[in-house]
Each structure stands twice: as C-alpha cells, then as structure tokens.
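Given next are the chains, with one letter for each unit.
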Amino acid sequence: MSTTILIKRARIVAPGQSNNGKTTDILIENGIITKMADSITHDQAIVYQSPELMVAPGFMDLHAHLSDPGFEYKETLESGAAAAAAGGYTAVLAMPDNNPVTHSKSQVEYIIKRSAGLPAKIYPAGAVTVKLEGKELAEMYDMHQAGAIAFTDADHPIAHAGVLLRALQYSSNFGARIHVRCEDPQLAYGGQMNEGVNSTKLGLKGIPAVAEEVMLAHHLAIAEYAQTPIHIMAVSSAGSVELIRNAKKKGVPVTAAVHASHLLYTDDRLTEFDTNFKLSPPLRTQHDRDALVAGVLDGTIDCITSGHRPEDTECKVLEFDLATPGMNTLETNFSMVCAVGKFNAEQLVNALAVQPRNITGIKVPQIEVGQPAEITLFDCTQKWIYKKDQAKSKGVNSPLFDQELQGVILGTIC
Amino acid sequence: MKKKLSVKHLLGIKSLTTEDIELILSTAEQFRDVINRPIKKVPSLRDITIANLFFENSTRTRISFELAEKRLSADTINFSAAQSSVKKGETLIDTVNNILAMKVDMVVMRHPNPGACVFLANHIDAKIVNAGDGAHEHPTQALLDAFSIQSRLGSVRGKKVVIVGDILHSRVALSNIFCLQKLGAEVMVCGPRTLMPRYIGDLGVKVEFDLRKALEWCDVANMLRIQLERQDIKYFPSLREYTMQYGLDMPLLKSIGKEIVIMHPGPINRGVEITSEVADSPQSIILDQVENGVAVRMAVLYLLAGRTDN
C-alpha cells in the first residue's frame, strides 16, 4: 500500500492495548502506523473523519459461507471479501462447505491463492471429516500446514462421539481448534423453524432447543474428557448458554459464538413465512435472545459471528419448507450488533475483533506507532442505507435491503 | 352487517376477523337454501374463471370446490400435480403464472407445504383460496365445521368442542381452533402425546390425553382422520393401539351419560378413529358437513370475487 491515510479525532477501542480509550489523530503510511498525535495535518492523505469516529483492530468473522468454489452464483471469494470489507471485517474464516469441500490441501491452497490481494484476509477452515459426512477424519495436518487455521464441518453436526473425540485429540497435536455446530439430527428431523408457539401457529415442523442442547452437552463432555479446546458455533438457545456457562465454571476448555441475527431477531419474524428469517440454527424466542445477549455480556459467549450465508433467488424465493436456511449478513452484521443496543464499544470490539483471533490463535492487530495497520473505522451514531443495487455480496437474502440502519463502517485498512 | 370481507384472499382463519367469519356463515346460509332448490345454480360468478390447483391428492375438497364453482356459474379448470410439470422442476410461481396467463381470476390451491398460499399471494396477481397448505391451515373446512355446529346447535358461542386425533399434522385442527375461538367456543384437543404439538396450550386450548374425559367435557367431538400419509416417522406403534386409546365406539359414546355431536372431516377410517355405528348414528353430522361444505365454499368464492366489482 503506497497511500497515506489520516484518521482524524478517532477514539481507539482496543481492549487490552496500551492506547485503548485514547482519542487521537492517526497517520498511516504504506500500511504502517507512523504517527499518533493530537493534531496531525498531511496534504496528500486520504482523510477519515466522523462525529463519533472509532478505530479498532480489524474485525474478524469466524463463520462465513463464501461458497467458492462450487457455488460461485451465490458468492465468490472476490464478492465475499468485498462484502466483508464493507462490513468492517479485515479477516474472515471461510467455511469449508464448498464444492468440492475444503477437505484437502489443494482446496485450502485454492482459497489462499485466489484470495491473495482481496480487501479482506480470507482464512480457510478445513473440514474435520471427509465430505463433511461426519465419518472419516480429513487430512487436517496437511491442511493446517497449507494454511487452514481451524477445522469445522460447518453447519453439519458431528454426531459420532468417537469421530469427534479423535478429531479433538488429533488436531490438538498441531494446535488447531475444532469448531462445531450442535444439533441432534433426530430431534431436529424435518424441522423448519424453532419449535414454539409460532411454529404451532404456522403448522411448520419445529426444531426444539433441546436438539441443540443435547448435542452440546455431549460435545462438552467429550471436550472435558479430551481436555482439548472446542469452539461452539452459532449458539441459539438459553439452555445452551447455561450449559456453556457451567462448563466454563468447571474449567472445560470451551469457547462459543453467536450470530448477530440471533441477538437481534426472534421467531416472531416468521409469521408471514419470510424465508429471509429461515436460519440454521433457527431464530428462537425472546427468552433465548435475552439469554444470548446476557451470555455475550458476561463472557460466556466469546464472540459474535455473521453466519453469512448468501443465497440466490432459486434457493430463497420459494415455498418455506423448500427454502435454504441462511441470511446474507457480512455487510450488515455490525449494524445488527449495534441494533441490539446492549453493547458498549469495548464489548463490541472484544466480540468482533479480539476474541475471534484468540480462538483461532491469530495475533490481534496492535494500534501503535510502528505496527502494521489492520483496523476498522466505525461510528455507532451514524446511519446508512443498505442499498440492494450497491450491495457487494451476491446474496439476495437480506431482510435489511433498502432500510436505514444505525452503525456505519467508514472503512477498513489492512 | 357489512357485506365485504376485510381480506383479499382466504389464506387462513388466522387472518380473518370475527365479522368476516360471521359474514361467510350468513352468506353460506343463503347458498344452502339455493342448493336445496330444484334449480341449484345462480349466475353470481358468470365470466369468472377459477383454477383449482391441487398439488396434493384430494377428492372431496376438490369436488366440493368444483361443485361450489359450478353452482355459481364460474368457469373452472382443474390441475393436479400428478399430471403437471411440477415434477419436471418448474417452480410454483412459474406453474401458477403460466395458468394465470390464460386469464384466470381466482386460484383455489391445495399444497403440501405450510405457507404455500401466503407465498403465492405475495408473488402473483390473483385471488387465492387456501384449500389446505401442509399442516398450516384448511380454512374452508373450519368454516364448514363451524357452520355445521351452528346449524345443529343453534350457535357456536359457549359450546365446548374437542378435536381428537393427530393434532401435530393437522391443518384442520389448527384452522378449527382459530375459527371456533373467534366465534366464542371453548376448544380442547385430545390425542397421544407424540401427536400433540408441545406448545398447543399456548393457543388457549385445553389439552387432554384421555378420550373419555374429553368426551365427558364436550358438546361436540370432531374426530380427525389419522393421516398415516403425513407421518414420515412412526408416532405410535400401530393403528390397533391407536384405536384402543382414541377410537370412538358406541359403548364409549353411550357411557358418557350425555348426547354429544359427532363430526369428522372425512374421509373416515372406519374402525380406526370412529366405528361405523358411531359414524352413522343420529348424533353424527358427518354428511351435513359435506353438504355444508359446498354452501360455505360458494359463500367464500362469492364474497372474495365481490371485491373486484368495487
């Protein structure tokens, strides 16, 4: 980067760092923070300023389905990275549920090679099991050597206890964490939305919260036995928050994430069969939503993810039962977190930038003179409109198109 | 009394007001007189074309709608999934739009997916009547059931109605609950726990697992058909055991010490949810329901079509 960037009057939000809380001007030259002072002037610099400008270590998303290779009509690495940057992310963990599945070195290398030079760093997550089938371990060591920083079967649960135990033990050798989605396939069988009064009114088959909790309890027991860190993706129920809270108290090495959508919405959104709100895990009740927010506030849930799953019209504009679950969220996730209205700037940056890196063992970018600049600039007080015709993501499935949202990403530098 | 419905489509009972339901029932009253005359046909829907789209098997609902349409002098076309391009991968919107391109005014649709009619109403330009969408709603069945109760007992208000059977997979149960509640009846559901939605009590209905207790409580028992075709996994070991616990026979009916009205949306599995003796008894209004079905569907089609004139 040969440009010069001047950030005016920004409050540094960098929990745990020496400059946290300071309000200052920041000069970035050739990608390096070269000066931090009260009033910097520079003639040629690109200037960022906003009434309540904040600067934070670049956000990192641990749960995005970038769909490339195989589903390029839904998203490509290019469009996904552009959406990520627009949404304030400088780093994204790309889910392996592509076609072919990211379950060997060559697929990992494809993602790394194809994402070089894109506006956000794309880190590949390798599959835990071959073809995400939950049966046979994939070559995780080889993938790790090639650049996969974490392993997950994406939204496919690993129901086989033996497979999960061996995956945890095996990957702990080289320090890569296993990320798991918890949902018992038998209890969730045929389910279209949260089981509750709304599913009853709509005649849609419900996915009970116990489907998630029963597998979570099972996974936590295995992680405790293996004494190996496990990361729980996309927590959705109050019962799950409680299980994780108790496990952490007991010293089980567990971390957890929640999608912003689940902090913001409930299954009340489904009363008109809007497939944009058909998600996996499903949106649950106000009680669950409150518990998830409380879980983020007390650190039970470590990070907030996007769960970005871009879809095309053919997968979303059809009968509810047939629609693919998921929401296009990379560009709006920050505004969705702001809309929850419960987090201060430090909590927000902790959940969006710091903890995702702690979980994946990536160094948190430091906002200090002499350090490479990997930062996100935002203003929680400003408003913007997510215009459908200007969206970076190819996904048609956002309920927020052409709506005014609070919480603006002014830019990312990385 | 107002003469127009508050809705453009009949997607479910949920979206109707009590006044809408009362208007449909009073209009049905008039049409029942019509279909009992020597000349059963009226010209009300002349020049209106109605497509009956059945993406799921149906005999009696389809015939009932078709008869209602013909008695109103509408032109009708029938379409069923078995003979359609649906199996070739055409989307629902494309299928329906192709039919609408032939200048069709109204669509009566049955579909296996809950919400399919709501989805269609959001994407196409025609009036839609839901003839059953998955386990969601079957509004005309609920309306004809209410109409039949009203005809037999004088009123629905204050009556105690129990719905017995597979509540989990039943659009009839759901529409009946909404309709009966809006008309002021008390509703109970009864069936095995595996076929009872966990949160059904939140809809304001009583839940009972013992058939005898349910029958002792009620004025009307609506015995649902056990729909094995909707059950992709086993919810009870055998029909025999279901009948042992939830089958209604004459000794049981006699033993409750009062006369209750017996209903069934059909088709009956005789000897499963209800014995022939009960189905054919004077307490049963099952065949009245069938007759009332035509009158109620005439009322619905007439009232929905009426909005185009204004």
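Notes on the side chain of E331 of chain A
Residue and element names in this part refer to chain A.
Alright, step 1. Structurally, E331 can be placed in the loop between α10 (313-316) and α11 (333-340).
Alright, step 2. Among buried Asp, Glu, Lys and Arg side chains, E331 stands out as unpaired, with K392 the closest opposite charge at 6.5 Å.
Alright, step 3. A distance of 2.8 Å separates the side chain of E331 from the backbone nitrogen of K392, its partner in a polar contact.
Alright, step 4. Within the structure, E331 has its side chain in polar contact with the backbone nitrogen of S393 (distance 2.9 Å).
Alright, step 5. Leaving out residues up to four positions away in the same chain, E331 has contacts with A83, A86, G87, W384, Y386, A391, K392 and S393.

Overview of the packing of helix α1 (residues 18-35) of chain B against helix α5 (residues 139-153) of chain B
Residues and elements named next belong to chain B.
Alright, step 1. Packing of α1 against α5 brings their axes to within 10 Å, and their N-to-C directions diverge by 70 degrees. The angle between the axes of α1 and α5 places the two elements in the roughly perpendicular class. The two elements α1 and α5 meet at a crossing, and its hand is right-handed. Across the interface between the two elements, I21, I24, L25, A28, E29 and R32 from α1 touch L143, A146, F147, Q150 and S151 from α5.
Alright, step 2. Residues belonging to the contact of α1 with α5 are distributed by class as follows: seven nonpolar, two polar and two charged.

Quick word on the domain arrangement of chain B
Residues and elements named next belong to chain B.
Alright, step 1. Looking at chain B, the domain boundaries give domain 1 (18-138 + 290-305) and domain 2 (139-289).
Alright, step 2. Opposite the 29 residues of domain 1 that make contact, domain 2 presents 30 residues.
Alright, step 3. Surface buried jointly by domain 1 and domain 2 totals about 2,300 Å² across both partners, of which 59% is contributed by carbon and sulfur atoms.
Alright, step 4. On the domain 1 side of the interface with domain 2, the three residues burying the most area are I21, L25 and H138, jointly 28% of the side's total.
Alright, step 5. Scanning the region where domain 1 abuts domain 2 turns up 20 residue pairs in polar contact (both at pLDDT 80 or more).

Section: the packing of helix α4 (residues 161-172) of chain A against helix α6 (residues 209-226) of chain A
Residue and element names in this part refer to chain A.
Alright, step 1. Viewed as axis vectors pointing N to C, α4 and α6 meet at an angle of 40 degrees, and their least axial separation amounts to 10 Å. As far as their axial angle goes, α6 and α4 are oblique. In terms of crossing hand, the pair formed by α4 and α6 is right-handed. Residue-level inspection shows A161, L164, L165, L168 and Q169 of α4 in contact with α6, the latter providing H218, H219, I222, A223, Y225 and A226.
Alright, step 2. Classifying every residue of the contact of α4 with α6 gives eight nonpolar, three polar and no charged.

Comments concerning the interface of chain B and chain A
Alright, step 1. On the side of chain A, 18 residues touch chain B, which itself brings 24 residues to the contact.
Alright, step 2. Interface area for chain B against chain A, summed over the two sides, is near 1,600 Å², with a carbon-plus-sulfur share of 66%.
Alright, step 3. The largest per-residue losses of area from chain B upon contact with chain A belong to N113, P114 and Y199 of chain B, which jointly make up 29% of the total buried on that side.
Alright, step 4. In this assembly, chain B and chain A are joined by three residue pairs in polar contact (both at pLDDT 80 or more).
Alright, step 5. Of all elements in the fold, only α3 (92-100), α4 (116-123) and α6 (171-182) of chain B reach the threshold of two or more residues within the side of chain B that touches chain A.
Alright, step 6. Ranked by the residues each element gives to the side of chain B that touches chain A, the list is headed by α4 of chain B, at four residues.
Alright, step 7. Its residues placed into classes, the side of chain B that touches chain A shows 15 nonpolar, five polar and four charged.

Calculation rules
- Per chain, residues are indexed from 1 in the order of the written sequence.
- Written order determines the labels here, with chains lettered from A and ligands numbered from 1.
- Totals for whole chains, interfaces and linings use all residues, but because this is a predicted model, local features are given only for residues with pLDDT of at least 70 and pairs of side-chain atoms are given and counted only at 80 or more.
- No hydrogens and no water enter the side-chain calculation; it runs on all heavy atoms of the structure.
- Secondary structure elements follow DSSP: runs of H or I of four or more residues count as helices, runs of E of two or more count as strands, with numbering from the N terminus.
- The buried label applies to any residue whose accessible area, calculated with a 1.4 Å probe on protein chains only, is under 20% of its type's maximum; exposed applies above 50%, and partly exposed to all values in between.
- For the purpose of charge, His is not counted, nor are the chain termini; Lys and Arg are scored as positive and Asp and Glu as negative.
- By salt bridge we mean one thing: a side-chain nitrogen of Lys or Arg within 4 Å of a carboxyl oxygen of Asp or Glu.
- Pairing of N or O atoms within 3.5 Å defines a polar contact, subject to two protein rules: one partner must be a possible hydrogen donor and the other a possible acceptor, and residues neighboring in sequence count only if both atoms are side-chain atoms.
- We call two residues in contact whenever any of their non-hydrogen atoms come within 4.5 Å of each other.
- Axis lines are fitted to C-alpha atoms, over the contacting stretch for helices. Their N-to-C directions set the angle, which ranges from 0 to 180 degrees.
- Our angle categories are set so that under 35 degrees counts as roughly parallel, over 145 as roughly antiparallel, 65 to 115 as roughly perpendicular, and the remainder as oblique.
- In this scheme the crossing of two helices becomes right-handed for a clockwise turn of the near helix relative to the far one and left-handed for an anticlockwise turn of less than a right angle.
- Amino acids are sorted into nonpolar (Ala, Val, Leu, Ile, Met, Phe, Trp, Tyr, Cys and Pro), charged (Asp, Glu, Lys and Arg) and polar (every other residue, Gly among them).
- In this document the domain limits rely on a domain assignment from an automatic tool or a database.
- Two parts placed together each lose some accessible area under a 1.4 Å probe, and adding up what both lose gives the buried area.

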